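# Examination of the molecular architecture
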Amino acid sequence: MEKTFSRQTYGQRIQNHSNPAAKMLLEIMERKKTNLAVSVDVTRSKDFIAIIDTVGPFVCLVKTHIDIIEDFDFSLIKQLQDLSDKHDFAIFEDRKFADIGNTVALQYSSGVHKIASWSHITNAHPVPGPSIISGLSSVGLPLGRGLLLLAEMSTKGALAVGTYTEEAVRMARAHRDFVVGFIAQRTMKGVGMQDNVTDNDDFLILTPGVGLDTKGDAMGQQYRTPRQVIVDSECDVIIVGRGIYGKDPSLVDEIRAQAKRYMDAGWEAYQERISAPVV
Ligand code: 5BU
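Residues numbered from 1 in each chain as written. Predicted model: local features only at pLDDT ≥ 70, side-chain atom pairs only at ≥ 80, totals over all residues. Heavy atoms only, no water.

### Side note on the overall build of the protein
A tally of regular secondary structure across the protein gives 10 helices and 8 strands. Its C-alpha atoms give the protein a radius of gyration of 18 Å, near enough to 19 Å, the size a compact globule of 279 residues would have. When its C-alpha atoms are laid out on the principal axes, the protein stretches across 55 × 45 × 35 Å. The 279 residues of the protein split such that 52% are buried. For the protein, the computed accessible surface area is about 12,300 Å², with 53% contributed by carbon and sulfur atoms. Separation of charge centres in the protein, based on 31 positive and 35 negative side chains, amounts to 2 Å. (Helix = DSSP H or I, 4+ residues; strand = E, 2+ residues; numbered from the N terminus. Rg over C-alpha atoms; globule rule 2.2 N^0.38 Å. Buried < 20%, exposed > 50% of the residue type's maximum accessible area, 1.4 Å probe, protein only. Areas by Shrake-Rupley, 256 points an atom, 1.4 Å probe, with all protein chains shown as cover. Lys, Arg positive; Asp, Glu negative; His and termini not counted. Charge placed at Lys NZ, Arg CZ, Asp CG, Glu CD.)

See the structure below:
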């Protein structure tokens, strides 16, 4: 019988992982009792820091798109790291690398942002094949970083489906030291496995496209609720952006209230999942 990792607590699952970034994330989730990640997609450093300081107590992970910050200066990274220490959250730069190994290694280590030096977790499209993992791991593994592969996307008409998703999972299984999980819309348990072979890989599933009040946006984004994501689809982390800061990035009380609301919804769904009777 396949191991049902989705019925284990986040704390119990720490032992299933050897990668330090995966362990760190699970430890934080267990300690803070939250499976909420906030995606801070704003363009001014001031808003970026203010939102992170407000949502910090409620999140296990802060997801960044550092290349959208207009007034970026490397001192922003020090502020982000200080907030990570203050509030106890991990950092995930949603860089979506997609080039040959040599290029992604340079993009990850160098340039203006030096992502590998501060982002505990990053992600990559599997489209170039396994060499993207070797390229990124040559930089990230010695630093104790972890990688997520984009096995699926939340947008309407996404091409990451079927055999593409299956191949992504096979690539991940072959690089368990560095690949800690997936950006996906459902559990990848058993995906791409032959019949009668036990799936012993406990991958973390981080899921964007989460919203309690709307079903999508005008640019193809599709939202599901925390319960759909955590209970029905057996994902592990809900990633919420505009649902939390969208009304107005300066409304601190509103942002705090929304972060608490999503954290509670995510944790309630997780508790429902781990306590459900085995059928
Ligand atoms: P939103 O404001 O909750 O819609 O933001 C979602 C974030 O997650 C945003 O930063 C996207 O770049 C990111 N995302 C996504 O929405 N869907 C995907 O499939 C992937 C990333 Br991969």
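### Remarks on unusual backbone geometry
One non-glycine residue, K33, adopts positive backbone phi at about 55°. You will see that K96, though not glycine, has its phi angle at about 50°, which is positive. Tracing the backbone shows K96 in strand β3 (residues 90-97).

### Observations concerning the pairing of strand β8 (residues 237-240)
Residues V237 and I239 line one face of β8 and the alternating positions I238 and V240 line the opposite face, and both faces are buried. Here 3 bridges tie strand β1 (residues 36-39) to β8, and the two strands are oriented parallel to one another. Each bridged residue has a counterpart across the sheet, and for A37 the counterpart in β8 is I239. Note that strand β7 (residues 204-207) and β8 share 2 bridges and pair parallel. The residue of β8 that forms the bridge with L206 is V237. (Pairing = 2+ DSSP bridges.)

### Concerning the sheet that holds β7
Ordered in space as β1-β2-β3-β4-β5-β6-β7-β8, the 8 strands form a closed barrel in which the pairing is parallel. In this sheet, neighbouring strand axes are inclined to one another by 25° on average, regardless of whether the strands run parallel or antiparallel. (Axes fitted to C-alpha atoms, helices over the stretch in contact; angles between N-to-C directions.)

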